[in-house]
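Summary of the model geometry
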Amino acid sequence: MYGGIVAPTPRDRQARLATFAVFFVQGLTFATLLTQVAALQRKHQLSEGELTLLLLVVPVIAGAGSVLAGTLAARYGSRQMLRAIQPLACVAVALCGFAPNVPLLVGALVLFGIGLGGVDAGMNMQGTAVERRYARPVMTSFHALWSAAAVIGAGWASLAADGLSLGVTFTIAMVPALVISLIASRWLCSPAEEHVETVTETPGRFPWGPILPLCLAMAFLYVGDSSISNFGSVYFEKIMLSEAWLAPWALGAYQATTFLVRVFGDRAVRRFGPAAIVRTGGAVATLGFLAIVAAPNEVVAIAGFALTGVGLSVIAPQSFSAAGRLDPAGTGVAIARVNMFNYVGFIVGAALVGGVADAADLRIAFVAPLVLAAAIIVLARGFARTR
């Protein structure tokens, strides 16, 4: 699966720390905006259907941003691309908070979508480059810091819920995020460090067979993830009838357990292998969604979101890591394909869960990600393949 143990050089450690920083900023950016979906809905007086359509803007544009990222990374390297696009995402979040009407909010979400897609692809390209240099699983640790940053974003949203406007709340979080991004981008892997010239295979020629289980698992994961990110706070407000300060902790509980599992995820992968880890994750996530659907009170609901985080936490890093093993030349082709299904899942999740919620009930809508989480158990065998 990996080569022999290689002692990391100072340059390897520098690139790894820089990649940690990029993942941290992305997690903070994402959570700062998504934990305030219910607040944005109230501010702009959106119905459930209107909110669903608005939320679809982000993954649709993010898909275009991911395609743009692949083109830019192939030509200039993902470091240069991240240096330009991640600050754009930070600025876009602040603009979402200050937007006085829906058209301007849509414009800000378009900018955020471009940044989100570009950074998602670029940071995982950097992660696989670092993992290749270390010659052992390290991808889960990057996603762990993403989750830690998301918890910080949820905590900040909770603290600021009753005292600050959305624009000020978003800006306070995004200013340091932007600074960190600009500083870290200087030490990311260069194009020469990302690409491996010694591989003799024709770059970019990948059969879909080995990649398809990774793509489907990624899509099913993000149906669940988007249901929590987009509708978790709304679930607490509309179904649990919770106070405003508690609503952000749907995503907060999910990201907290996601972080805790990911901290030790690389060790678990080394011991049990990626297929076993993904199979177990799918089973635990299924139980988590079952708790959300059946929750009689806020305590059980929070436990369900937390349990779902435990299960889904392992899927994305193992999908990208497996994609990297399918691309020994480091071209980014396999990662780009898998990353596209991130947005397929997010779009399907927003439309499916939002549509069912608008027609029936948000509690019932969470049955859809429950079923798809169970399907990941079957797909897990594909994570053991290397070519």
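Here, every reference points to the structure presented above.
Presented here is an overview of the structure given in this document. (Residues numbered from 1 in each chain as written. Predicted model: local features only at pLDDT ≥ 70, side-chain atom pairs only at ≥ 80, totals over all residues. Heavy atoms only, no water.)

1. Some details on the pattern of salt bridges
- With the rule as written, the count across this model stands at 2 salt bridges.
- Here R11 ties to E193 by a salt bridge, and the two come within 2.9 Å at their closest N and O atoms. Here R11 is found in helix 1 (residues 10-34), whereas its partner E193 is found in helix 8 (residues 191-194), with 182 residues between them in sequence.
- With a relative accessible area of 22%, R11 lands in the partly exposed category.
- D12 serves as the salt-bridge partner of R133, at 2.6 Å between the closest nitrogen and oxygen. With a gap of 121 residues between them, R133 in helix 5 (residues 102-134) and D12 in helix 1 connect regions that are remote in the sequence.
- Here R133 falls in the partly exposed class, since its relative accessible area comes to 23%.
- Note on D12: relative accessible area 5%, which makes it buried. (Salt bridge = Lys/Arg side-chain N within 4 Å of Asp/Glu carboxyl O. Helix = DSSP H or I, 4+ residues; strand = E, 2+ residues; numbered from the N terminus. Buried < 20%, exposed > 50% of the residue type's maximum accessible area, 1.4 Å probe, protein only.)

2. A few points about the packing of helix 4 (residues 78-98) against helix 5
- Where helix 4 meets helix 5, the closest approach of the two axes is 7 Å, and the angle between their N-to-C directions is 145 degrees. Here helix 4 runs over helix 5; the crossing is left-handed.
- Grouping the constituent residues of the contact of helix 4 with helix 5 by class yields 19 nonpolar, 6 polar and 1 charged. (Axes fitted to C-alpha atoms, helices over the stretch in contact; angles between N-to-C directions. Left-handed = near helix turned anticlockwise from the far one by under 90°. Nonpolar A, V, L, I, M, F, W, Y, C, P; charged D, E, K, R; others polar.)

3. Quick notes on the state of the cysteines
- Using the criterion set out here, one finds 0 disulfides in the structure.
- Distance from the sulfur of C90, which forms no disulfide, to the nearest cysteine sulfur (C96) is 12 Å.
- The buried category is assigned to C90, whose relative accessible area is 1%. (Disulfide = S-S within 2.5 Å.)

4. Brief notes about helix 9 (residues 208-238)
- Taking 1.5 Å per residue as the helical rise, helix 9 with its 31 residues ought to reach 45 Å, and the 42 Å between its terminal C-alpha atoms agrees with that figure.
- Of all 31 residues that make up helix 9, 24 are buried, and the element is covered over most of its length. (Expected span 1.5 Å × (residues − 1).)

5. Section: the side chain of D266
- Relative to the helices and strands, D266 resides in helix 11 (residues 265-272).
- Lacking a salt bridge, the buried D266 has R16 as its closest oppositely charged neighbour, with an N-O distance of 4.9 Å.
- Engagement of the side chain of D266 in a polar contact is seen with the backbone nitrogen of S141, the distance being 3.1 Å.
- If sequence neighbours within four positions are ignored, D266 has contacts with P137, V138, M139, T140 and S141. (Lys, Arg positive; Asp, Glu negative; His and termini not counted. Polar contact = N/O pair within 3.5 Å; in protein donor to acceptor, adjacent residues only side chain to side chain. Contact = heavy atoms within 4.5 Å.)

6. As for the side chain of S147
- With respect to the helices and strands, the residue S147 is situated in helix 6 (residues 139-160).
- Of note is the side chain of S147, whose polar atom sits 2.9 Å from the side chain of R262.
- With residues near it in sequence (within four places) discarded, S147 still touches Q255, T258, F259 and R262.

7. Describing the environment of A38
- Among the structural elements, A38 can be located in helix 2 (residues 37-44).
- Residue classification places A38 among the buried residues on the basis of a relative accessible area of 4%.
- Separated by 210 residues in sequence, A38 and P248 place their C-alpha atoms 8.9 Å apart.
- The contact partners of A38, leaving out residues within four places of it in the chain, are S233, V234 and E237.

8. Focus: the nonpolar core
- Core analysis: the largest hydrophobic core is formed by 113 residues, its most contacted members being L33, Y235, F236, F305, L362 and F366.
- Those residues in contact with L362 that lie beyond four places of it in its chain are F231, V234, Y235, I239, V353 and A357. (Core = buried A, V, L, I, M, F, W, Y, C linked by side-chain atoms within 4.5 Å.)

9. Concerning empty space enclosed by the protein
- Tallied over the entire structure, the rule returns 3 cavities of 30 Å³ or more.
- For the largest cavity, the calculated volume is near 280 Å³.
- In terms of lining, the largest cavity is formed by 25 residues, of which the most central are D120, W146, Y222, D225 and N342.
- Secondary structure elements with two or more residues in the lining of the largest cavity: helix 1, helix 3 (48-76), helix 5, helix 6, helix 9, helix 10 (249-263), helix 14 (315-325) and helix 15 (333-359).
- Taken together, the residues of the lining of the largest cavity break down into 14 nonpolar, 8 polar and 3 charged. (1 Å grid on protein atoms, 1.4 Å probe; cavity = no way out; pocket = protein on both sides within 12 Å on 5 of 7 lines; lining within 4 Å. Points joined across faces, edges and corners; volume = space filled by probe spheres on them.)

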